[in-house]
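# Examining the three-dimensional arrangement
One letter stands for each residue in the lines below.
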Amino acid sequence: MIQMTDVTKIYSNGSVALSNISVHIDKGEFVFIVGPSGAGKSTFIKLLFREELPTSGHLVVNGWNVGQMRPSEVPYLRRSLGIVFQDFRLLPNKTVYENVAFAMEVIEAPRREIQKRVYAVLDLVGLRAKARAYPAHLSGGEQQRVAIARAIVNNPLVVIADEPTGNLDPDTSWEIMKIFDRINKDGTTIVMVTHDQPMVDAMRKRVIAIEKGRIVRDQARGVYGYED
Ligand SMILES: Nc1ncnc2c1ncn2[C@@H]1O[C@H](COP(=O)(O)OP(=O)(O)OP(=O)(O)O)[C@@H](O)[C@H]1O
């Protein structure tokens, strides 16, 4: 599903974000990526959806050879992924329904299928009642639930999340994490960067710790392991 072999990422300013990372993430896994600020966690995530290219090494995501693929193929890689960010990134001028439907419109799904599927994912995140609301009228937790609905509406194989609870209070963070857990139990792989220690410690999922661009720990049913 995700296979990194000896992957190094050096930014154009010479900054070494990842050095010689090798890791395998299987279908259906739930993986937390943890580590201090500047360790390379976001870079790890950005390589997966080809926001950044590896400087060297081999990276395969959902069958796509990320370093070698043609730019015209990138949308196909990204369709196999759902991406959730800390700052939600919803379209302010579209309703909840339209934000989620938009992800299906761009792949030219039939209108009736869009309607059925959008309501199904809004049910899953508990937001059907807010389908006509605009993002500005939603709480942070609700906005993140819309972003999750949008990320999963096209049935991705992998959901990637970069600090999805970073802007949310602990109770809301728990609600969001329960949704990710449910999506994972339905078979979707989850790769999540987080600084949320209590959450990682409670969930007991696989934990990959990155420090100074290297994997320093890879633990099944792991813990957060830092004091920040
Ligand atoms: N676009 C960029 N250009 C140059 N250097 C970068 C760029 N993005 C990240 N870096 C550097 O690469 C290293 C890893 O950064 P990255 O953002 O991946 O860390 P992180 O673990 O996600 O940190 P945080 O927890 O603070 O988000 C850092 O030294 C950072 O300064």
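Quick note: structure is the one above.
Scope of this entry: the structure provided in the associated data block. Since the structure is predicted, the reported quantities are computational estimates derived from the model, not experimental observations.

Parameters and conventions
Counting from 1, residues in each chain are numbered in the order their sequence is written. This being a predicted model, a pLDDT of at least 70 is required before a residue's local features are given, and a value of 80 or more before pairs of side-chain atoms are given or counted; all residues contribute to the totals for chains, interfaces and linings. Any two strands with at least two DSSP-identified bridges between them are counted as paired. Strands here are runs of E lasting at least two residues and helices are runs of H or I lasting at least four, both read from the DSSP assignment and numbered beginning at the N terminus. To define axes, lines are fitted to C-alpha atoms, for helices over the stretch in contact only, and angles between the resulting N-to-C directions are given on a 0 to 180 degree scale. Here, residue contact means that the backbone-derived C-beta atoms of the two residues sit within 7 Å. Using a C-beta atom placed from the backbone, a residue is described as near a molecule or strand when that atom lies within 6 Å of it. How far a helix is expected to stretch is found by multiplying one less than its residue total by 1.5 Å. Our exposure labels follow a C-beta count within 10 Å of each residue's own C-beta, placed from the backbone: buried means 20 or more other C-beta atoms, exposed means 12 or fewer, and partly exposed covers the counts in between. Angular relationships are summarised with four words: roughly parallel below 35 degrees, roughly antiparallel beyond 145, roughly perpendicular across 65 to 115, and oblique for the angles in between. Crossing handedness is defined as follows: a turn of the near helix away from the far one that is anticlockwise and smaller than a right angle gives a left-handed crossing, while the clockwise case is right-handed.

### Examining the sheet that holds strand β3 (residues 30-34)
Judged by pairing direction, the sheet is mixed, and its six strands sit side by side in the order β6-β7-β8-β3-β9-β10 without closing on themselves. Of all strands in the sheet, those with a lone pairing partner are β6 (81-85) and β10 (214-219), marking the two edges. Taking the axes of each pair of neighbouring strands and ignoring which way they run, one obtains an average angle of 15° across the sheet. When β3 meets strand β9 (residues 206-211), the two strands line up parallel, connected through four bridges. Bridged to Ile33 within β9 is Ile208. On top of the sheet, helix α6 (residues 170-185) reaches β3, β7 (158-162) and β8 (189-193); it is set at about 150° to β8, its chief contact.

### Observations regarding the site of the ligand
Lining the immediate surroundings of the ligand are Tyr11, Asn13, Ser15, Ala17, Gly35, Ser37, Gly38, Ala39, Gly40, Lys41, Ser42 and Thr43. With three residues, helix α1 (residues 41-48) is the single largest residue contributor to the shell around the ligand.

### What to know about unusual backbone geometry
Here Asn155, not a glycine, exhibits a phi torsion of approximately 50°, which is positive. Structurally, the position occupied by Asn155 is in the loop between α5 (140-152) and β7. One non-glycine residue, Lys212, adopts positive backbone phi at about 45°. Mapping Lys212 onto the fold places it in the loop between β9 and β10.

### What about α5?
The terminal C-alpha atoms of α5 lie 19 Å apart, and with 13 residues this matches the ideal 18 Å at 1.5 Å per residue to within 8%. Within α5, eleven of the 13 residues are buried, which leaves it mostly tucked inside the rest of the structure.

### With respect to the packing of helix α3 (residues 96-105) against α5
Interhelical geometry of α3 versus α5 gives an angle of 25° and a closest axis separation of 8 Å. It follows that α3 is roughly parallel to α5 by the angle criterion. The chirality of how α3 crosses α5 is right-handed. The residues of α5 that touch α3, namely those facing Val96, Asn99, Val100 and Ala103, are Val146, Ala149 and Arg150.

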